[in-house]
Every structure is written in structure tokens, then in C-alpha cells.
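A closer look at the structure
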Amino acid sequence: EEADTILIHQLSVVNPHKAIVLSDDTDVFVLLIHFLHTGDITGQVYMQSTSHDPNTVIDINGTYEEHIDVAPNILAAHALSGCDTVGAYFGIGKSTVVKALKNYLSLDSIGNLKTSFHDSIRDATKFHLTCYGQTKSDTLTDARKRAWKSKVIRNNSVAPKLESLPQQRKL
């Protein structure tokens, strides 16, 4: 087991009235939001930095309330856009992912064992395309072509970097 999941599991089992989690890890932040949403964590939770400014404390419950609309899908979006075990999207930050998530209907099929593999891939692809602003495309191949074309039109003297195009993910 990874330390992130052990930490969150212990927090959900003990379920204190109030807790401060010492971590700078985005995975921990996302897991805290997710488990507040599912009700596995019910107390007041804060997250304090260990390496940046130690006076920086994030009110996880307040953040959850502020972004309650994305909470049901935050774990899937984080898994798709970059976590400890998945490569991150090139040039796409977490704020872009959250914005795409707010504009996206649902990622319920991701990680759902009752959903077909085809449906999960379809939804992951749609979300991936939304993050890259390629909502007119239906496939990653089409999105890469469109992105290449738009980058070349903007600056035809320099070929765009391949890593800036939507990724071809292989499962």
C-alpha cells in the first residue's frame, strides 16, 4: 500500500472531529476531497504544507463545499490527468482540468466495474479532448491533427512540439 492511501484510510477509520494532515501531495488533497464527498470522512479536515510555507493551511471541508460540483468526479479526473501512477497531460495544469470537469457531465464510468470497457474509454477520451480544448473532435487522432493544424497556422515557421499535442494513450 502507498502511504497516501494508508493515511486516508486511517483518517476514515479513526474519523476524528478535527484533523490536520501534514502533506504537500496533490494525491492526498484529491483523496481527502473524494472521501469527504463519499462520507467516509466526516470531521473537519485541514491540510498543512510540510515544505513550502508551513503557515499555509487548506480548509479541506471549505474547499469541498466551494467545489461540490466537481467532487463526484475529482478522483477519476485526477487519475486521468496525472497522479502518482499516471503521466500528466503536457501543458495542462490542474486548474484547466477542474475547469474541464466543471464543463463536463460525468466521469462515473471511470473505475466503475459495472461499466463496459468501451464506455469507460469513450468517456475518458471525451474528457481528455475537453482538457485539450478539442471538443469538435471525436477521437484522439482527429484532435492531434486539428491541434497540429491550428499550431502550424498560427506560426508556420516553427513546427509545434509533439508533446504539446493531445496524447495517444494506450491501455
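Everything discussed here concerns the structure shown above.
On to the environment of R122, then. Relative to the assigned elements, R122 resides in helix α6 (residues 117-131). The spatial distance from the C-alpha of R122 to the C-alpha of S109 is 9.3 Å, given a sequence separation of 13 residues.

As a further point, take the pairing of strand β2 (residues 44-48). Judged by which residues are buried, β2 turns out to be one-sided: V45 and M47 face inward and are buried, whereas Q44, Y46 and Q48, on the alternate face, are not. When strand β1 (residues 18-22) meets β2, the two strands line up parallel, connected through five bridges. Pairing of V21 across the sheet is with M47, part of β2. In terms of handedness, the path from β1 via helix α2 (residues 26-38) over to β2 forms a crossover that is right-handed. For β2 and strand β3 (residues 57-59), the ladder comprises three bridges, and the chain directions are antiparallel. Residue pairing across strands places Q48 opposite V57, the latter belonging to β3.

So, on to the sheet that holds β2. Taken together, three strands build an open sheet; the order of strands is β1-β2-β3 and the sheet is mixed. With one partner strand each, in any of the chains shown, β1 and β3 form the two edges of the open sheet. Strand-to-strand twist in this sheet, taken as the mean axis angle between neighbours without regard to direction, amounts to 25°. Contacts from α2 reach β1, β2 and β3, with the element oriented near 170° to β2.

Let us now look at unusual backbone geometry. Backbone geometry places N15, a non-glycine residue, at a positive phi of 45°. You can see N15 is positioned in the loop between α1 (3-14) and β1. Overall, N15 belongs to the partly exposed group, its relative accessible area being 28%.

The next point concerns the packing of helix α5 (residues 94-103) against α6. Orientation of α5 relative to α6, taken along the N-to-C sense of each, is 120°, at an axis distance of 9 Å. Judged by the inter-axis angle, α5 sits oblique to α6. In terms of crossing hand, the pair formed by α5 and α6 is right-handed. Residue-level inspection shows T96, V97, A100 and L101 of α5 in contact with α6, the latter providing F127, T130 and C131.

This part takes up the pattern of salt bridges. Under the definition given, this model contains two salt bridges. Residue R122 is joined to D123 by a salt bridge in which the shortest nitrogen-to-oxygen separation is 3.0 Å. For D123, a relative accessible area of 10% puts it in the buried group. A cluster of three or more residues bridged by salt bridges with shared partners is formed by D119, R122 and D123.

Quick notes on the rules
Residues numbered from 1 in each chain as written. Predicted model: local features only at pLDDT ≥ 70, side-chain atom pairs only at ≥ 80, totals over all residues. Heavy atoms only, no water. Helix = DSSP H or I, 4+ residues; strand = E, 2+ residues; numbered from the N terminus. Buried < 20%, exposed > 50% of the residue type's maximum accessible area, 1.4 Å probe, protein only. Pairing = 2+ DSSP bridges. Right-handed = clockwise from strand over helix to strand, strands pointing away. Axes fitted to C-alpha atoms, helices over the stretch in contact; angles between N-to-C directions. Contact = heavy atoms within 4.5 Å. Parallel < 35°, antiparallel > 145°, perpendicular 65-115°, else oblique. Left-handed = near helix turned anticlockwise from the far one by under 90°. Salt bridge = Lys/Arg side-chain N within 4 Å of Asp/Glu carboxyl O.

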